[in-house]
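# Observations on the three-dimensional arrangement
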Amino acid sequence: MVELQQMVGWLATQYQRLAAKAERDGQYASAVGALNALRAMVVQPQLDAQFAAHFRGRFTHQTHCR
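Residues numbered from 1 in each chain as written. Predicted model: local features only at pLDDT ≥ 70, side-chain atom pairs only at ≥ 80, totals over all residues. Heavy atoms only, no water.

## As for the environment of leucine 11
Tracing the sequence through the fold places leucine 11 in helix H1 (residues 2–24). You can call leucine 11 partly exposed: its relative accessible area is 29%. Sequence separation of leucine 11 and leucine 38 is 27 residues, and the distance between their C-alpha atoms is 8.3 Å. (Helix = DSSP H or I, 4+ residues; strand = E, 2+ residues; numbered from the N terminus. Buried < 20%, exposed > 50% of the residue type's maximum accessible area, 1.4 Å probe, protein only.)

And the structure:
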């Protein structure tokens, strides 16, 4: 588990460095791509877990059953 956390940290650092270098060089599409990959790797799983916890058991039917 620790190795996985270290790998994610290393990848996050590399994406951040790549985005900064691309932006400095005027390669804005590459910078956006790196930041999007960083978001998908770090932020999105946390948001997905929050949404799943919030909507668990709700909105499973289109109509409300009484």
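Having put the structure on the table, let's press on.
## A word on a nonpolar patch on the surface
On the surface, Met1, Leu4, Val8, Val42, Val43, Leu47, Phe51 and Phe55 cluster together into a nonpolar patch covering about 720 Å² of accessible area. Every element with two or more residues in the nonpolar patch is listed here: H1 and helix H2 (28–55). No other element matches the 5 residues that H2 contributes to the nonpolar patch. You can see valine 42 is positioned in helix H2. When its relative accessible area of 31% is taken as the criterion, valine 42 is described as partly exposed. (Patch = residues over 30% accessible without salt bridge, like charges linked within 9 Å, V, L, I, M, F, W, Y side chains within 5 Å. Areas by Shrake-Rupley, 256 points an atom, 1.4 Å probe, with all protein chains shown as cover. Salt bridge = Lys/Arg side-chain N within 4 Å of Asp/Glu carboxyl O.)

## Thoughts on the pattern of salt bridges
Tallied over the full model, the rule gives 1 salt bridge. When the shortest N-O distance is used, the salt bridge between aspartate 25 and lysine 21 registers 3.2 Å. Judged by relative accessible area, which is 44%, aspartate 25 ranks as partly exposed. With relative accessibility at 44%, the residue lysine 21 sits in the partly exposed group.

## With respect to H1
Look at H1: 33 Å from first C-alpha to last across 23 residues, which is about the 33 Å you get at 1.5 Å a residue. Residues Ala12, Ala19 and Ala22 constitute the buried set of H1. Lining the buried residues of H1 we find H2. In the stretch just after H1, glycine 26 is the one whose phi turns positive, near 80°. (Expected span 1.5 Å × (residues − 1). Contact = heavy atoms within 4.5 Å.)

## A look at the packing of H1 against H2
Remark: H1 packs on H2, axes separated minimally by 7 Å, with the N-to-C direction vectors making an angle of 160°. In terms of orientation, H1 and H2 fall into the roughly antiparallel class. Crossing hand, H1 versus H2: left-handed. Between H1 and H2, the residues in contact are Val8, Leu11, Ala12, Tyr15, Leu18, Ala19, Ala22 and Glu23 and Tyr28, Ser30, Ala31, Ala34, Leu35, Ala37, Leu38, Met41 and Val42, respectively. Here the residues of the contact of H1 with H2 sort into 15 nonpolar, 1 polar and 1 charged. (Axes fitted to C-alpha atoms, helices over the stretch in contact; angles between N-to-C directions. Parallel < 35°, antiparallel > 145°, perpendicular 65-115°, else oblique. Left-handed = near helix turned anticlockwise from the far one by under 90°. Nonpolar A, V, L, I, M, F, W, Y, C, P; charged D, E, K, R; others polar.)

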